[in-house]
Amino acid sequence: GPLDREKGLVITTPNLRWTDFPLRDRVSEAVQLPAVLDNDANCATLAEWWVGAAQGANNVVGMTIGTGIGGGLILNGRLYHGSSDAAGEIGHTTVDANGRRCKCGNYGCLEAYASGPATAERARERMAGGEDSRLTVMCGGDLANITAQMVYDASAKGDDVAREVVRETARFLGTGIANLLNVFNPEVVVLAGGVAQAGEDLFRPLRAEVRRRAFKPSVEACRIVPGSLGGNAGTVGAVATFLAQHPAGA
């Protein structure tokens, strides 16, 4: 969520429910070492640009898809924080003005449709309607146990319900990414974290949706790729962030 890097404060986090939390100083005091603060999705994007799937690009949009949807922007070879450290909140761009309520309080956010929990919830809604799916076995008969990873795994095994949910997720993500292409015209859009394992069941319809919605020159200039660093992307980017501010730490 939004933060103040200079003061080391996490201003608000819709999923953790923190407000003006002095995370940097709490960590520093606990370990008796210097600490720096940045957004986790910024760090993941920085890592994929530094040593990962977006290496060598000058303009990069990064997305992390898990409990929420985070984002980061590399513009002209530099991580862009905006005027108040709030740039890159891709998950809270609106894809449906009258849509589902998001944990941030807004309606129709991309995160409310395509985050891990949102993907699982849409699968549960279909299952509650009586549709037959191998997800019933995978979740042990308790729909509350369905996770996004189960949906992606079932889709890869040919499950019709899971495949449709994944296609819906791809359409929502493709809509959001098309908007970003039209605004930033990046060379690479990289999806970091666990969603990178979703494979072509997700990426093929996602890219098709982007082609349908974004301007052709922006589409032709851009690669949309899964991250290569997996769950380590945020940690690797945090190292890069720390070394940028404390080069003696190298």
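Because the structure is a prediction, the values reported are computed rather than measured.

Reading the values: rules and limits
- Residues numbered from 1 in each chain as written.
- Predicted model: local features only at pLDDT ≥ 70, side-chain atom pairs only at ≥ 80, totals over all residues.
- Heavy atoms only, no water.
- Helix = DSSP H or I, 4+ residues; strand = E, 2+ residues; numbered from the N terminus.
- Rg over C-alpha atoms; globule rule 2.2 N^0.38 Å.
- Contact = heavy atoms within 4.5 Å.
- Lys, Arg positive; Asp, Glu negative; His and termini not counted.
- Charge placed at Lys NZ, Arg CZ, Asp CG, Glu CD.
- Pairing = 2+ DSSP bridges.
- Buried < 20%, exposed > 50% of the residue type's maximum accessible area, 1.4 Å probe, protein only.
- 1 Å grid on protein atoms, 1.4 Å probe; cavity = no way out; pocket = protein on both sides within 12 Å on 5 of 7 lines; lining within 4 Å.
- Points joined across faces, edges and corners; volume = space filled by probe spheres on them.
- Nonpolar A, V, L, I, M, F, W, Y, C, P; charged D, E, K, R; others polar.
- Core = buried A, V, L, I, M, F, W, Y, C linked by side-chain atoms within 4.5 Å.

Now, about the overall build of the protein chain: what can you tell me, with residues and values included?
A tally of regular secondary structure across the protein chain gives ten helices and eight strands. Taking 18 Å as the expected radius of gyration for a compact globule of 250 residues, we find that the protein chain reaches 18 Å, a close match to that expectation. Considering only contacts within the protein chain whose residues lie at least 6 apart along the sequence, 57% involve residues at least 24 apart. Here the protein chain carries 24 positive and 27 negative side-chain charges, and the mean point of each set is 4 Å from the other.

Lay out the sheet that holds strand β1 (residues 3–4) with the relevant residues and their values.
Spatially, β1-β2-β3 is the arrangement adopted by the three strands of the open sheet, whose pairing is antiparallel. Each of the sheet's edge strands pairs with one partner strand only, and the pair in question is β1 and β3 (19–21). By the bridge criterion, two bridges tie β1 to strand β2 (residues 9–12) in an arrangement that is antiparallel. When the sheet's bridge partners are listed, Asp4 is paired in β2 with Leu9.

Can you explain the pairing of strand β5 (residues 69–75)? Please cite residues and give values.
The side chains of a regular strand alternate between the sheet's two faces. Burial within β5 is extensive, with six of its seven residues counted as buried. Strand direction decides the pairing type here: strand β4 (residues 60–65) and β5, joined by six bridges, are antiparallel. Paired with Gly62 across the two strands is Gly72, which belongs to β5. In this antiparallel pair of consecutive strands, β4 and β5, the connection spans three residues. Pairing geometry for β5 and strand β6 (residues 78–79), over two bridges, is antiparallel.

So what's going on with empty space enclosed by the protein? Residues and values would help.
The tally for this structure, following the rule as stated, stands at one cavity of 30 Å³ or more. Taken as a whole, the largest cavity encloses approximately 30 Å³ of empty space. Taken together, Gly1, Asn39, Asn42, Gly71, Asp85, Ala86, Ala87 and Glu89 make up the full set of residues lining the largest cavity. Classifying every residue of the lining of the largest cavity gives two nonpolar, four polar and two charged.

So what about unusual backbone geometry? Which residues, and what values?
Phi is positive for Arg17, which is not a glycine, with a value near 60°. The class of Arg17 is exposed, set by a relative accessible area of 73%. At Asp85, a position not held by glycine, the phi torsion is positive, near 65°. With respect to the element layout, Asp85 can be found in the loop between β6 and α3 (111–114).

Can you explain the nonpolar core? Please cite residues and give values.
Core analysis: the largest hydrophobic core is formed by 42 residues, its most contacted members being Leu135, Leu173, Ile177, Leu191 and Leu202. If you list the elements that add at least two residues to this core, you get β4, β5, α4 (116–128), α6 (148–156), α7 (160–184), β7 (188–192) and α8 (200–213). Considering every element that reaches this core, the biggest residue donor is α7, with ten residues. Every residue in contact with Leu173, bar those within four places of it in the chain, is listed here: Met63, Ile65, Ile69, Leu110, Ala114, Leu202 and Leu206. Formed by eleven residues, the second largest nonpolar core is a distinct cluster that contains Ala53, Ala54, Leu79 and Val188.

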